[in-house]
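Letter by letter, the chains look like this.
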Amino acid sequence: METSEELPYKFTKKEAETSAKLSRSGSDRNSLKIFEIFVEGDSDVRFFKRWLKEIKTKGKVKFKVKTITKSSLLVKGHGNRGTVIATAEATKDDVYTMYIADRDIWDGDMISQYSNIEALFFTDFPAIESYGLMKPIFKEVNYRRFDGDCKNMEDYYAYITYIVRILYLIRCHFSKKMSIYSDFWRVLEDAIKSEVVKNNLPSESYKYIMHTLHDKAPVEVKKSGILDDSSLPSDIREHAYGHDIAPIVRNFISSQCHESNLPNSYIERALVNVYIDLGYYKDDSLFKAIQEYVEKKMEMVE
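Rules of the game
Residues numbered from 1 in each chain as written. Predicted model: local features only at pLDDT ≥ 70, side-chain atom pairs only at ≥ 80, totals over all residues. Heavy atoms only, no water. Buried < 20%, exposed > 50% of the residue type's maximum accessible area, 1.4 Å probe, protein only. Helix = DSSP H or I, 4+ residues; strand = E, 2+ residues; numbered from the N terminus. Pairing = 2+ DSSP bridges. Polar contact = N/O pair within 3.5 Å; in protein donor to acceptor, adjacent residues only side chain to side chain. Contact = heavy atoms within 4.5 Å. Right-handed = clockwise from strand over helix to strand, strands pointing away. Phe/Tyr/Trp six-rings, centres within 6.5 Å; stacked < 30°, edge-to-face > 60°. Lys NZ or Arg CZ within 6 Å of the ring centre and 35° of its normal. Salt bridge = Lys/Arg side-chain N within 4 Å of Asp/Glu carboxyl O. Expected span 1.5 Å × (residues − 1). Axes fitted to C-alpha atoms, helices over the stretch in contact; angles between N-to-C directions. Parallel < 35°, antiparallel > 145°, perpendicular 65-115°, else oblique. Left-handed = near helix turned anticlockwise from the far one by under 90°. Nonpolar A, V, L, I, M, F, W, Y, C, P; charged D, E, K, R; others polar.

A.B. asks: Break down the pairing of strand E3 (residues 97-101) for me, citing the residues and quoting the values.
C.D. replies: The element E3 is largely enclosed, with a buried count of five among its five residues. Side chains Thr97, Tyr99 and Ala101 of E3 all project onto a buried face; the interleaved residues Met98 and Ile100 project onto the opposite face, where all are buried too. Pairing geometry for E3 and strand E4 (residues 120-122), over three bridges, is parallel. Looking at the pairing, Ala101 lines up with Phe122 of E4.

Given below as structure tokens:
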């Protein structure tokens, strides 16, 4: 007689939530607390796992960092960020689960709409890749990953930040017409590549690049006034869209480094890893807020 193998039972969302609460109801102050942290993507998982190795917490605590797609209580939203937010809203009574979403191009008013969700955190800057846009980090990455050969990472640092900011403003201004961003990027990339091989002073090269942008950028960008906007935020990382940084860096070091054809993800990871290794996270609000949240919940007796 044929027998069929029984499939393992899978909880519904409601059952999974109930099970989690019941398993924690018997814990006390001395019990091991397990916090789950849900993030948008794999690079976020790597980043926060590395950071968690650096911090110290009181009491017995363990962290599990997962992409939001692995949540048993997942509530679908628009993209991974929307899903993180929607799931956080739906499960805000679960004190041992945290959610971290990218700020992206949202301003403070947009972020404040979710201030009632204690377990939902937003990056201080557009994305985790934004955290590495700091001159000491660029210098360290040059020597740690490129043996000091890519001096343009240091010499052009200020101009790299100006260009990254321009790209951020274009993303914000033309968020519903990203083809303008793409057209601008092509002009920008050509301008950088044609200039860095000349070995001029960084200030002279930047003047040439900006002259080219004023001349050849899409008409919409010229009319927007973005290229003439010289105001800067208190921290340049506020206007640094994460995935814009690595390709700009790579274009500036292309004439100096035989490894300049490395994927953008390599440069992104190098920058954020050094950011963590050198302890710069201690000065940024997100990480302080997460630690305070954990310490607060660790003191709870259920």
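So much for the structure itself; the text now carries on.
A.B. asks: Please give an account of the side chain of Thr67 that cites residues and values.
C.D. replies: Tracing the sequence through the fold places Thr67 in strand E2 (residues 61-67). Only 3.1 Å separates the side chain of Thr67 from the side chain of Thr69, close enough to count as a polar contact. Other than its neighbours up to four places away in sequence, Thr67 contacts Phe38, Val39, Glu40, Gly41, Asp42 and Val45.

A.B. asks: Describe the pairing of strand E1 (residues 33-39), naming the residues involved and giving the relevant values.
C.D. replies: Counting buried residues along E1, six of its seven residues qualify, which places the element largely inside the surrounding structure. Both E1 and E2 contribute to a ladder of seven bridges, which runs parallel. Along E2, the bridge assignment pairs Phe35 with Phe63. For the handedness criterion, the β-α-β arrangement of E1, helix H2 (residues 42-54) and E2 is classed as right-handed.

A.B. asks: I'd like a rundown of the packing of aromatic side chains, residues and numbers included.
C.D. replies: With the rule as written, the count across this model stands at 26 aromatic pairs. For the ring pair Phe47 and Phe287, a centre distance of 6.0 Å and an interplane angle of 45° mean the geometry is tilted. In this pair, Phe47 sits in helix H2 while Phe287 sits in helix H13 (residues 285-298), placing the two residues 240 residues apart along the sequence. The two residues Phe47 and Phe287 agree in class, both being buried. Measuring from centroid to centroid gives 5.2 Å for Phe138 and Tyr157, while their planes differ by 80°, and the two rings are edge-to-face. Of this pair, Phe138 sits in helix H5 (residues 135-145) while Tyr157 sits in helix H7 (residues 157-173), and the two are 19 residues apart along the sequence. This pair shows no difference in class: Phe138 is buried, exactly as Tyr157 is. Sitting over the ring of Tyr266, Arg145 keeps its end group 5.4 Å from the ring centre.

A.B. asks: I'd like a description of the pattern of salt bridges, backed by residues and values.
C.D. replies: Here the structure, examined in full by the defined rule, presents 16 salt bridges. Close ionic contact of Asp183 with Arg186 constitutes a salt bridge, the shortest N to O distance being 2.3 Å. In this pair, Asp183 and Arg186 both sit in helix H8 (residues 179-196), three residues apart, roughly one turn of the helix. The exposure class of Asp183 is partly exposed, given its relative accessible area of 33%. Among the salt bridges present, the one from Arg237 reaches Asp235, with a minimum N-O distance of 2.9 Å. Overall, Asp235 belongs to the partly exposed group, its relative accessible area being 22%.

A.B. asks: Describe helix H3 (residues 79-90), with residues and values.
C.D. replies: Between the first and last C-alpha of H3 there are 16 Å, a value that for twelve residues agrees with the 16 Å anticipated at 1.5 Å per step. Restricting attention to buried positions, one finds in H3 the residues Arg81, Gly82, Thr83, Val84, Ile85, Ala86, Thr87 and Ala88. In this structure, the buried side of H3 is in contact with E1, E3 and E4.

A.B. asks: How would you explain the packing of H5 against helix H12 (residues 264-277) if you had to name every residue and give the values?
C.D. replies: Their axes nearest at 9 Å, the elements H5 and H12 cross at an angle of 115°. When the axis of H5 is compared with that of H12, the two are roughly perpendicular. When the axes of H5 and H12 are compared, the crossing they make is right-handed. Residues Ile137, Phe138, Glu140, Val141, Arg144 and Arg145 of H5 lie in contact with H12, whose contacting residues are Tyr266, Ala270, Leu271, Asn273, Val274, Tyr275 and Asp277. Classifying every residue of the contact of H5 with H12 by side-chain character gives eight nonpolar, one polar and four charged.

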